[in-house]
Amino acid sequence: MGYRNLQDCVDDLERHGMLRRIDTPVDPYLEAGMIQRRVYQAGGPALLFTRVTGSAFPMLGNLFGTLERTRFIFRDTLRTIDTLVKLKINPFLALKEPARLLGAPLGALHLLPKTVSADQAPSLSCRATLSRLPQLVSWPKDGGAFITLPQVYSEDPARPGFGKSNLGMYRVQISGNQYQPDRQAGLHYQIHRGIGVHHQEAIKRGERLKVNVFVGGAPSMSVAAVMPLPEGMPELSFAGLLGGHRIAMARVPGCLPVPAEADFCIVGSIDPHATLPEGPFGDHLGYYSLTHPFPFIEVEAVYHRPDAIWPFTTVGRPPQEDTSFGAFIHELTGDLIPTVLPGIKAVHAVDAAGVHPLLLAIGTERYTPYDGVTRPLELLTQANAVLGQGQLSLAKYLLIAAEQDNPELDIHDIGAMFRHLLERVDWQRDLHFQTATTIDTLDYSGGGFNSGSKLVVAAAGPVRRCLLTELPGDIPVPSGWSAPALALPGVLVLQGNAVPPDSGEPDQAIQALCSFWEQRALPDGVVLVVIADDSAFCSRSLDNFLWVTFTRSNPAADIYGVGAATRQRHWGCSGPLVIDARRKPFHAPPLEEDPAVEKRIEELASAGGPLYGLF
């Protein structure tokens, strides 16, 4: 019934040919991360690096690198979780299919963690320091070494205990910047994270917030740390359910509890009023998140088990290993969406666009069933509900369609979703902006930290137009613009000059372009125009289009339109919508690999090399 620790998981994966040992020395500075990314892209196995430069601890990468391997790791409990989810959706299932319930009561018993003594916890057997841990640096401009699969544990200072605990995956910087070596570690948590509630309570009470950072242990702990669980359900409970056993937690006098089977545990506390510069860090949008003040942990002790393994991942422009995380989480929870958001049939945070920058949704129109679906009505109510729900609230662009218009529409077929929306959208009616609001911490398109704007595009009703599918040779383009290309049906990409320094005012060149097209219309069927630095790159693939368009634009500042007008404070346009998706001077730099390290890794992967056959 599930793995109780990482060692059992590694052994089992190796027996089944799903893990490969790398016995040649590998440097955690850039090399380990680059290898892991290459093997992930190739759909390769989990990797155990047994000789890590500068550390005695082996490193485990790409553990969740494929959806198939992730399912295999949790194969013993997936049916139980599926049953519990279906019971939540349809309580009468117990009467219809009682055989499905046979494992459910036993699974529910695993929700409650159990307490063990410190001498029963392998995780407390040995001591180390931060500098003895593998010093993983994934990208050349990272500000130091980071823990990339941390499980950060905190409890409510006002109501201590498991019931109000939080386990989250918030990156931890263990070297660099102004941190005192071996004594301090940066703690980067983004907005709308559970630890923020505990932090606020600590400020209110005028006391330090105790924090533990777990690394490794039962694989279910890592998944639980990234699960978007409902308020009131502790991540430790879900870890037990997914892991097929109650999570054993060891009490440490004066400290928060520690998982008995963890590989490592950093014990400490944070001054709720103190911050230090954290970052930069190559992040999952494909850019660096920059240096900003964040809380830091005053480290009291670093524990580890005798046979400790250091699990890690690296992130970057999607898809990466966290893509598999997201796909697995959707499999577990996707069916619950209608119970949380009435009327919503499905949502899809688009990985290729960096997750939060683009959210797709399918809703239902039920306000006027006697009148048919002619325009978005209830979709707008549902869109507001989506943007008020947990981490879905971080979405920057929300594109929502009505199920009645095409009951067979697949929300994961992104090309089909865009075609469906662009065939129906009315740019004079269907654009709904939220300005001067919060967006994802890692998204710098808004020009400010945690700040930017949102756009809801709600399209419903009959098909309004046919989309252009072949680009004619006579696209009207004024001087200064070039290389028109078709990215998707109805979507034109145009190459523009570099963006001038930000003045806070609309770009006059784009406004002139829109005026030009009012006089010399674009071909029928062009509905959306994207301005890019490199139109060939942007239009080369769907992933490129999604990444460029939605990570490099801020709706309130970067959207223009042909025939634009504001009526009763509602902005829209009669012609094509135009999105300026060029890089701006204030944007974070994109991630680029070190050529010298890349050459060495390619040599290791050549015929006869230790990485041969992996990628």
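Residues numbered from 1 in each chain as written. Predicted model: local features only at pLDDT ≥ 70, side-chain atom pairs only at ≥ 80, totals over all residues. Heavy atoms only, no water.

Chemist: Sorry, what's going on with the overall build of the protein here?
Modeler: On a plain count of helices and strands, the protein comes out with 18 helices and 32 strands. In terms of overall size, the protein behaves like a compact globule, its C-alpha atoms giving a radius of gyration of 25 Å where 615 residues would be expected to give roughly 25 Å. By the burial criterion, 57% of the 615 residues in the protein qualify as buried. Of the contacts formed within the protein by residues at least 6 apart in sequence, a portion of 73% connects residues at least 24 apart. When the accessible surface of the protein is summed, it comes to about 24700 Å², and 52% of that surface belongs to carbon and sulfur atoms. Side-chain charges of the protein comprise 52 positive and 64 negative groups, with the mean position of each set lying 4 Å from the other. (Helix = DSSP H or I, 4+ residues; strand = E, 2+ residues; numbered from the N terminus. Rg over C-alpha atoms; globule rule 2.2 N^0.38 Å. Buried < 20%, exposed > 50% of the residue type's maximum accessible area, 1.4 Å probe, protein only. Contact = heavy atoms within 4.5 Å. Areas by Shrake-Rupley, 256 points an atom, 1.4 Å probe, with all protein chains shown as cover. Lys, Arg positive; Asp, Glu negative; His and termini not counted. Charge placed at Lys NZ, Arg CZ, Asp CG, Glu CD.)

Chemist: Sorry, what's going on with the pattern of salt bridges here?
Modeler: Opposite charge on two side chains lets them pair, provided their charged atoms get close. Inspection of every chain in the model, using the stated rule, returns 24 salt bridges. Salt-bridge contacts for Asp-156 lead to Arg-159; the nearest nitrogen and oxygen are separated by 3.3 Å. The exposure class assigned to Asp-156 is buried, which follows from its relative accessible area of 7%. The exposure class assigned to Arg-159 is partly exposed, which follows from its relative accessible area of 49%. (Salt bridge = Lys/Arg side-chain N within 4 Å of Asp/Glu carboxyl O.)

Chemist: Explain helix 18 (residues 595-604) here, please?
Modeler: Residue pairs three or four apart in sequence face the same way in an α-helix, which turns once every 3.6 residues. Of all the positions in helix 18, only Val-597, Ile-601 and Leu-604 are classed as buried. In an axial view of helix 18, the angular spread of the buried residues amounts to 55 degrees, which keeps them on one side of the axis. In helix 18, the exposed positions that point more than 90 degrees away from the buried face belong to Pro-595, Ala-596 and Lys-599. Lining the buried residues of helix 18 we find helix 2 (31-41). (Arc of directions from axis to C-beta.)

Chemist: Sorry if this is basic, but what is going on with the packing of aromatic side chains here?
Modeler: The description of an aromatic ring pair uses the distance of the two centres, along with the angle that the planes make with each other. Taken as a whole and assessed by the stated rule, the structure comprises 17 aromatic pairs. Residues Phe-146 and Phe-281 carry aromatic rings whose centres are separated by 4.6 Å and whose planes lie at 55 degrees to one another, so their mutual orientation is tilted. Of this pair, Phe-146 sits in strand 6 (residues 146-147) while Phe-281 sits in strand 16 (residues 281-282), and the two are 135 residues apart along the sequence. Across the pair, exposure class does not vary: Phe-146 and Phe-281 are buried alike. Taken together, Phe-64, Phe-74, Phe-325 and Phe-328 form an aromatic cluster joined through their ring pairs. Looking at Arg-75, its charged tip hangs above the ring of Phe-72, at a distance of 3.8 Å from the centre. A cation sits over an aromatic face here: Arg-552 above Trp-547, 4.9 Å from the ring centre. (Phe/Tyr/Trp six-rings, centres within 6.5 Å; stacked < 30°, edge-to-face > 60°. Lys NZ or Arg CZ within 6 Å of the ring centre and 35° of its normal.)

Chemist: Looking at this structure, I do not really get the sheet that holds strand 24 (residues 431-438). What am I missing?
Modeler: Working definition: the strands of a sheet are paired by backbone hydrogen bonds and lie parallel or antiparallel to each other. Spatially, 5 strands are ordered 21-22-23-25-24 in an open sheet, and the strand pairing comes out mixed. Each edge of the sheet is formed by a strand with only one pairing partner; in this case those strands are strand 21 (346-349) and strand 24. Neighbour-to-neighbour, the strand axes of the sheet open up by a mean angle of 15 degrees, direction not taken into account. Summarising the sheet, strand 22 (residues 358-363) and strand 23 (residues 397-402) pair through 6 bridges and their orientation is parallel. What sits directly across from Leu-358, in strand 23, is Tyr-397. (Pairing = 2+ DSSP bridges. Axes fitted to C-alpha atoms, helices over the stretch in contact; angles between N-to-C directions.)

Chemist: Help me understand the nonpolar core in this model?
Modeler: It is characteristic of soluble globular proteins that their nonpolar side chains tend to be buried jointly. Ranked by internal contacts, the top residues of the largest apolar core, which has 54 residues, are Leu-13, Leu-60, Leu-63, Ile-73, Met-221, Val-223 and Phe-238. Here the element with the most residues in this core is helix 9 (residues 235-243); it accounts for 5 residues. Those residues in contact with Leu-63, other than ones at most four positions away along the chain, are Leu-6, Cys-9, Leu-13, Ala-46, Arg-69, Ile-73 and Glu-321. (Core = buried A, V, L, I, M, F, W, Y, C linked by side-chain atoms within 4.5 Å.)

Chemist: Would you take a moment to explain the packing of helix 8 (residues 219-226) against helix 10 (residues 321-333) for this structure?
Modeler: Packing of helix 8 against helix 10 brings their axes to within 11 Å, and their N-to-C directions diverge by 80 degrees. When the interaxial angle is binned, helix 8 and helix 10 end up roughly perpendicular. On helix 10, the residues touching Ser-222, Val-223 and Val-226 of helix 8 are Phe-325, Phe-328 and Ile-329. Looking at the contact of helix 8 with helix 10 residue by residue, the classes come out as 5 nonpolar, 1 polar and no charged. (Parallel < 35°, antiparallel > 145°, perpendicular 65-115°, else oblique. Nonpolar A, V, L, I, M, F, W, Y, C, P; charged D, E, K, R; others polar.)

Chemist: Whenever I open this one, the environment of Leu-486 confuses me. Can you help?
Modeler: When you line up the elements, Leu-486 lands in strand 26 (residues 481-488). Spatially, the C-alpha atoms of Leu-486 and His-16 are 45 Å apart, while their sequence positions differ by 470 residues. For Leu-486, the contacting residues outside a window of four places in its chain are Leu-468, Thr-469, Glu-470, Leu-471, Val-491, Leu-492 and Ser-539.

Chemist: Just to check I follow, could you spell out the side chain of Arg-193 for this structure?
Modeler: Summarising the element assignment, Arg-193 is placed in the loop between strand 10 (184-187) and helix 7 (195-205). Nearest to the buried, unbridged Arg-193 among oppositely charged side chains is Asp-440, at 5.1 Å. One polar contact links Arg-193 to Gln-190, side chain to side chain, over a distance of 3.1 Å. (Polar contact = N/O pair within 3.5 Å; in protein donor to acceptor, adjacent residues only side chain to side chain.)

Chemist: What should I look at first to understand the sheet that holds strand 28 (residues 528-532) in this one?
Modeler: Taken together, the 5 strands give an open sheet; going across it, the order is 26-27-28-32-29, and neighbouring strands pair in mixed fashion. The open sheet has two free edges, formed respectively by strand 26 and strand 29 (559-561), since each of these has just one partner strand. Taking each pair of neighbouring strands and ignoring which way they run, the sheet shows an average axis angle of 25 degrees. Here strand 28 pairs with strand 32 (residues 577-580) via 4 bridges, running parallel. Note that in strand 32 the partner of Ile-531 across the bridge is Asp-580.

Chemist: When you look at the side chain of His-199 in this model, what are you seeing that I'm missing?
Modeler: Looking at the secondary structure, you find His-199 in helix 7. In contact with His-199, not counting residues within four places along its chain, are Tyr-189, Leu-209, Ile-270, Pro-272 and Pro-295.

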